[in-house]
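Examining the three-dimensional arrangement
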Amino acid sequence: METIASRDNLWRSWQQVAANDGAAGPDKQSVDIMRERIEETLETLRRELLAGGYRPGAIRRVWIPKASGGQRGLGIPNVIDRIVQQAVHQVLSPIYEPTFHESSHGFRPRRSCHTAITEAQEHLRQGYEWVVDLDLEKFFDRVHHERLLARLRARVEDERVLALVRKMLKSKVVMPDGVVVATEEGTPQGGPLSPLLSNIVLDELDWELEERGHRFVRYADDCNIYVRSERAGMRVTASVTRFIEKRMRLVVNRDKSAVARGGRHFLGFGLRFNVESRSTEVFLSKRSKERIAAKIRDLVPRTWGQSVDDCIRRLNRYLDGWIHFFQVCTSGYAFETFDGHIRRRLRALLLKQWKRKGTIVKRLMQLGAKQNDAWMCVRKGNRSWWALSHTPAVDNTLTSRYFRKQGLLSLQRRWKELRKATHKQPVPVQLALLGGSESAS
């Protein structure tokens, strides 16, 4: 506790919380408000932690939509409580991090979704083509407090720290309608300490799989086990499910869990082994395709009332972050398809803004279209803007080159640039041992 409550540790914790910013908790105190009196706040907090007088506040519950449907509950602690959680994380993480399993990739230094995908590729390449996809139902809401504290007690001797963690786990939750709910199990997603606690809980599963000789990849509560046959997959599913439910007191969602040969959604990707090329293909999962298509519709709406340049700038901000995450895909075909769809939506937007037939013809001619072709585009009845956006005169003038000059980011072009830059980087030792190439973000 002396280390957690030290001035240096609390100050570093505050800096991290301030850098992350984030919304205010139930007390409505933002990071900016906290910054005005941070020195006296940290000093008071230090004394309370050492004296055992610190009491965590409630957690604000917010609901965010999940890509697979439904909603995910996030817990937003007060800023002062986030500082304490981060301070505890900074002390406990060095204790646990060195002993976490190599196949655990979530919320760990120098690891990411990309390193998880790299390891999964290697398992497929070595002939373990069947995937046991285990879905833990509401994992963060079902963590058993006493089992978690028992695992902490095995490493942490200071009872004051264990008591502090218990208080955090038992923090009440303020629902969106204002109802305050007591917490009997679970570790709310949203606080700085939650990712570490989830890894401590699931580390038990990792080493059980290791002891059984299984090849697996885990990222937070997403766990894939790789086997050589469907029969082996069914057997592993049954035995591991028993361990998770009887020993760990968690619940496996049988409707979402499955044994499949490639193509399962894992961290936004699908993986498949290509027998002819003897290589593993990484591609966008069906869910990721649906998600980016919906986001494009949202970013380039038909009712956009501002300039197309503003629309492109807004679109680019999202697409650049998105393609950085999905750069590990081994084919750019999907990116080329989305590039074409984005350009067509922008064409329809431009045509709608030009509005009148005479204006459309004039603009197309200015861009190089022949007069007859331009008039042919608008003469054929009262067609929709979407239909007009895919006529020869429009396609031949509002080209990819035109939009590139307007500053539109091309997913396929950016993907090629990122892949080229990645392949020039040295392969880290831990990934080289797996036979993979670096793909960390």
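For the structure itself, look to the data block above.
Let me begin by describing the structure that accompanies this report. (Residues numbered from 1 in each chain as written. Predicted model: local features only at pLDDT ≥ 70, side-chain atom pairs only at ≥ 80, totals over all residues. Heavy atoms only, no water.)

We now examine the overall build of the chain. Scanning the chain from N- to C-terminus turns up 20 helices and 10 strands. Projected onto its principal axes, the C-alpha positions of the chain cover 85 × 60 × 45 Å. With 441 residues in all, the chain has 48% of them scored as buried. Here the analysis covers contacts within the chain between residues at least 6 apart in sequence; of these, 71% occur between residues at least 24 apart. Within the structure as shown, the chain displays about 22,600 Å² of accessible surface, and the carbon and sulfur contribution to it stands at 49%. (Helix = DSSP H or I, 4+ residues; strand = E, 2+ residues; numbered from the N terminus. Buried < 20%, exposed > 50% of the residue type's maximum accessible area, 1.4 Å probe, protein only. Contact = heavy atoms within 4.5 Å. Areas by Shrake-Rupley, 256 points an atom, 1.4 Å probe, with all protein chains shown as cover.)

Turning to the sheet that holds strand β6 (residues 215–219), a few remarks are in order. Strand order in the open sheet formed by four strands is β6-β7-β3-β8, and the pairing between neighbours is antiparallel. Looking along the sheet, the strands with just one partner apiece sit at the ends: β6 and β8 (258–260). When strand polarity is set aside, the average angle formed by the axes of neighbouring strands in this sheet is 20 degrees. Examined bridge by bridge, strand β3 (residues 130–135) and β8 share three bridges and lie antiparallel to one another. Among the inter-strand pairings, Val-132 is bridged to a residue of β8, identified as Val-259. Strands in contact with helix α5 (residues 113–125) are β6 and β7 (222–227); relative to β6, the strand with the most contacts, it is inclined by about 165 degrees. (Pairing = 2+ DSSP bridges. Axes fitted to C-alpha atoms, helices over the stretch in contact; angles between N-to-C directions.)

Their axes nearest at 10 Å, the elements helix α11 (residues 286–299) and helix α12 (residues 308–325) cross at an angle of 160 degrees. Looking at the two axes, α11 sits roughly antiparallel to α12. Where α11 crosses over α12, the handedness of that crossing is right-handed. Here Ile-292, Lys-295, Asp-298 and Leu-299 of α11 lie close against α12, whose contacting residues are Cys-311, Arg-314, Leu-315, Tyr-318, Leu-319 and Trp-322. (Parallel < 35°, antiparallel > 145°, perpendicular 65-115°, else oblique. Left-handed = near helix turned anticlockwise from the far one by under 90°.)

Here the focus is helix α15 (residues 371–379). The set of residues buried in α15 consists of Ala-374, Cys-377 and Val-378. On an axial view of α15, the arc spanned by its buried residues comes to 85 degrees, and they lie on one face. The outward face of α15, more than 90 degrees from its buried face, is lined by the exposed residues Asn-372 and Arg-379. Looking at the buried positions of α15, the neighbouring elements they touch are α14 (357–366), α16 (385–388) and α17 (392–397). (Arc of directions from axis to C-beta.)

Before going further, it helps to spend a moment on empty space enclosed by the protein. Enumeration according to the criterion identifies four cavities of 30 Å³ or more in this entry. Reported here for the largest cavity is a volume of approximately 100 Å³. Taken together, 13 residues form the lining of the largest cavity, with Gln-85, Met-168, Thr-187, Pro-188 and Ser-194 sitting closest to its centre. Of all the secondary structure elements, the ones that give two or more residues to the lining of the largest cavity are β2 (71–77), α8 (159–169) and α9 (194–211). Partitioned by chemical class, the residues of the lining of the largest cavity number seven nonpolar, six polar and no charged. (1 Å grid on protein atoms, 1.4 Å probe; cavity = no way out; pocket = protein on both sides within 12 Å on 5 of 7 lines; lining within 4 Å. Points joined across faces, edges and corners; volume = space filled by probe spheres on them. Nonpolar A, V, L, I, M, F, W, Y, C, P; charged D, E, K, R; others polar.)

A separate point is the nonpolar core. Residues Trp-14, Leu-49, Leu-152, Ile-225 and Ile-244 are the most contacted members of the largest nonpolar core, which totals 62 residues. Ranked by the residues each element gives to this core, the list is headed by helix α4 (residues 79–96), at nine residues. Excluding residues within four positions of it along the chain, Ile-244 makes contact with Leu-134, Leu-136, Leu-205, Arg-249, Leu-250 and Val-252. Grouped together as the second largest cluster of nonpolar side chains are 60 residues, Cys-113, Leu-124, Phe-269 and Leu-418 included. (Core = buried A, V, L, I, M, F, W, Y, C linked by side-chain atoms within 4.5 Å.)

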